[in-house]
Amino acid sequence: LAKTTQPISMDSYEGQEVNITCSHNNIATNDYITWYQQFPSQGPRFIIQGYKTKVTNEVASLFIPADRKSSTLSLPRVSLSDTAVYYCLVGDDSGFQKLVFGTGTRLLVSP
Amino acid sequence: GAGVSQSPRYKVAKRGQDVALRCDPISGHVSLFWYQQALGQGPEFLTYFQNEAQLDKSGLPSDRFFAERPEGSVSTLKIQRTQQEDSAVYLCASRRIEGAGYEQYFGPGTRLTVT
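Throughout what follows, the structure given in this document is the object of discussion. For every chain, the first residue of its written sequence is number 1, and the numbers climb from 1 along that sequence. The lettering of chains begins at A and the numbering of ligands begins at 1, in the order of writing. Per-residue local features of the predicted model are confined to residues with pLDDT of at least 70, and side-chain atom pairs are confined, for both listing and counting, to 80 or more; whole-chain, interface and lining totals are unaffected and use all residues. Values shown for side chains rest on all heavy atoms present in the structure; no hydrogens or waters enter the calculation.

Examining the interface of chain B and chain A
Inclusion rule: Residue contacts are counted whenever heavy atoms from the two residues lie within 4.5 Å of one another. Defined here as a combined quantity, buried area equals the accessible surface (1.4 Å probe) lost by two parts on assembly, summed across both. Polar contact is the term for a pair of N or O atoms within 3.5 Å; when the atoms are in protein, one must be able to donate a hydrogen and the other to accept it, and sequence-neighboring residues count only if both atoms are side-chain atoms. Working definition: helices are DSSP H or I runs of at least four residues, strands are E runs of at least two. Numbering for both runs from the N terminus. For this classification, the nonpolar set comprises Ala, Val, Leu, Ile, Met, Phe, Trp, Tyr, Cys and Pro, the charged set comprises Asp, Glu, Lys and Arg, and every other residue, Gly included, is treated as polar.
Counting residues at the interface gives 23 residues for chain B, matched by 24 residues for chain A. For the chain B and chain A pair, buried surface summed over both sides reaches about 1900 Å², with 53% attributable to carbon and sulfur atoms. At the junction of chain B and chain A, the tally comes to 7 residue pairs in polar contact (both at pLDDT 80 or more). Every element with two or more residues in the side of chain B that touches chain A is listed here: strand S4 (31-37), strand S5 (44-50) and strand S9 (88-95) of chain B. Among the elements that make up the side of chain B that touches chain A, the one with the highest residue count is S4(B) (3 residues). Residue composition of the side of chain B that touches chain A, grouped by class: 9 nonpolar, 9 polar and 5 charged.

Set out below in C-alpha cells:
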C-alpha cells in the first residue's frame with residue numbers, strides 16, 4: 001500500500017477555503033485516493049474518492065494532478081462544524097480493502 | 001436509515017477482566033470490519049468478515065482478541081484478560097458488498113479504558 005504524508009494540523013477561519021494536500025509518491029496504477037473525515041467521539045466518515053483530475057461532491061472537491069503523486073482536498077467556505085481530522089488513504093479499489101489510516105490532518109476552524 | 005451501532009459506548013474494565021464489544025452493522029451489509037484507534041492516532045485494522053466468514057484476522061494484536069459474526073449480521077469483539085495497552089476506541093465498520101470501493105460506514109465506537 002502506498003504511504004501517504006499530510007500535514008499534522010491546519011488552522012483556518014470561518015468562511016475561508018481550506019486546501020489539505022496529501023503526498024503519495026509511490027501510488028500504484030490501480031490505486032484510488034480516498035478521504036475520510038472524523039469528528040471527536042465519532043467514527044470516520046467517507047468524504048470523497050478519485051482516481052485522476054478533479055472530483056466534486058456536495059461536501060468537497062478533490063484535485064489530482066496528472067502524475068498522481070499528490071492530491072488536494074478542498075473544503076469551500078468552512079464553518080466551525082468542519083473542525084475535524086481528515087485522513088488521506090490510497091489503495092486498490094477492488095476486492096477486499098482494509099482501510100489503512102495515517103495520523104491525519106487536524107483542522108481547527110475558528111470564528 | 002439506521003447506521004452502524006455499537007454497544008456499550010464506554011467500558012471500564014479492571015486489568016485481567018474479559019470484555020465483549022458489540023457491533024450492529026447496517027442491515028444487509030455483507031462486509032464487517034473492526035478497527036482499533038489509540039488516542040491521537042488513526043484507526044488500525046483488526047479483522048474482517050464477509051458474511052459469517054472471518055477472512056482476515058491479521059490485525060488482531062494477540063490471541064487474547066477474538067471476533068465472531070455467527071449469523072452474518074451482528075458481530076462481537078471479545079478481549080480476554082484485558083491489559084492497560086488495550087485501552088483504545090474500538091470501531092466497527094460495514095460495507096454493502098465486495099468491490100464496493102473504499103466507502104465503509106463506521107459506528108461511533110466503544111471507548112475501552114483498562115484500569
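Back to the write-up after that little detour.
Re the state of the cysteines
Here a disulfide denotes one covalent bond, and it connects the sulfur atoms of two cysteines. For clarity, the threshold we go by: The rule for a disulfide is simple: a pair of cysteine sulfur atoms within 2.5 Å. Residue exposure (1.4 Å probe, protein chains only): buried if accessible area is under 20% of the type maximum, exposed if over 50%, otherwise partly exposed.
This model, assessed by the stated rule, comprises 2 disulfides over all chains. The side chain of A:Cys22 participates in a disulfide bridge whose partner is A:Cys88; the two sulfur atoms lie 2.2 Å from each other. The S-S bond linking A:Cys22 to A:Cys88 shows a torsion near -80°; that makes this disulfide left-handed. Here the residue A:Cys22 occupies a position in strand S2 (residues 18-23), and A:Cys88 occupies one in strand S8 (residues 84-92), the gap between them amounting to 66 residues. When sorted by exposure, A:Cys22 lands in the same class as A:Cys88, which is buried. A sulfur-sulfur separation of 1.8 Å characterises the disulfide bridge that pairs B:Cys23 with B:Cys92. Taking the sign of the S-S torsion, about -65° here, the bridge from B:Cys23 to B:Cys92 comes out left-handed. Placement of the pair is B:Cys23 in strand S3 (residues 19-24) and B:Cys92 in strand S9, with a sequence separation of 69 residues. For B:Cys23, a relative accessible area of 0% puts it in the buried group. You can call B:Cys92 buried: its relative accessible area is 0%.

So, the sheet that holds strand S5 (residues 53-56) of chain A
Residue and element names in this part refer to chain A. The following threshold applies: The criterion for strand pairing is that DSSP finds at least two bridges linking the strands in question. Orientation is described by axes fitted as lines to C-alpha atoms, over the contacting stretch for helices, and by angles from 0 to 180 degrees between their N-to-C directions.
Strands sit in the order S2-S7-S6-S5 across an open sheet of 4 strands; the sheet is antiparallel. In this open sheet, the two strands that pair with only one neighbour each are S2 and S5. In this sheet, adjacent strand axes meet at a mean angle of 15° when their direction is disregarded. With 6 bridges joining them, S2 and strand S7 (residues 70-75) adopt antiparallel strand pairing. Looking across to S7, one finds that isoleucine 20 is bridged to leucine 73.

Structural notes on unusual backbone geometry
Note that the residue after B:Ser7, namely B:Pro8, is joined by a cis bond; omega there is -10°. When you line up the elements, B:Pro8 lands in the loop between strand S1 (5-7) and strand S2 (10-13). Despite not being glycine, A:Ser41 shows a phi value in the positive range, around 65°. With respect to the helices, strands and loops of the structure, A:Ser41 is situated in the loop between strand S3 (31-38) and strand S4 (45-50). At B:Arg81, a residue that is not glycine, the phi angle is positive and equals roughly 45°. Along the chain, the position of B:Arg81 falls in the loop between strand S8 (75-79) and S9. With a relative accessible area of 42%, B:Arg81 lands in the partly exposed category.

Quick notes on the packing of aromatic side chains
Filter applied, for reference: Side-chain rings of Phe, Tyr and Trp, where Trp is taken by its six-membered ring, are said to pair if the distance between their centres is within 6.5 Å; with planes under 30 degrees apart they count as stacked, over 60 as edge-to-face, and otherwise as tilted. Two conditions define a charge located above a ring, namely a distance within 6 Å from the ring centre to NZ of Lys or CZ of Arg, and an angle within 35 degrees of the ring normal.
Across all of its chains, the model carries 12 aromatic pairs over all chains by this definition. A cation sits over an aromatic face here: A:Arg68 above A:Tyr51, 4.0 Å from the ring centre.

What about the pattern of salt bridges?
Residues and elements named next belong to chain B. Just so we agree on the cut-off: Salt bridges, as used here, are contacts in which a Lys or Arg side-chain nitrogen is within 4 Å of a carboxyl oxygen on Asp or Glu.
The final tally for this structure, using the stated rule, is 3 salt bridges over all chains. Of the charged contacts in the structure, one is a salt bridge between aspartate 24 and arginine 22, with a shortest N-O distance of 2.7 Å. Assessed through its relative accessible area of 22%, aspartate 24 is described here as partly exposed.

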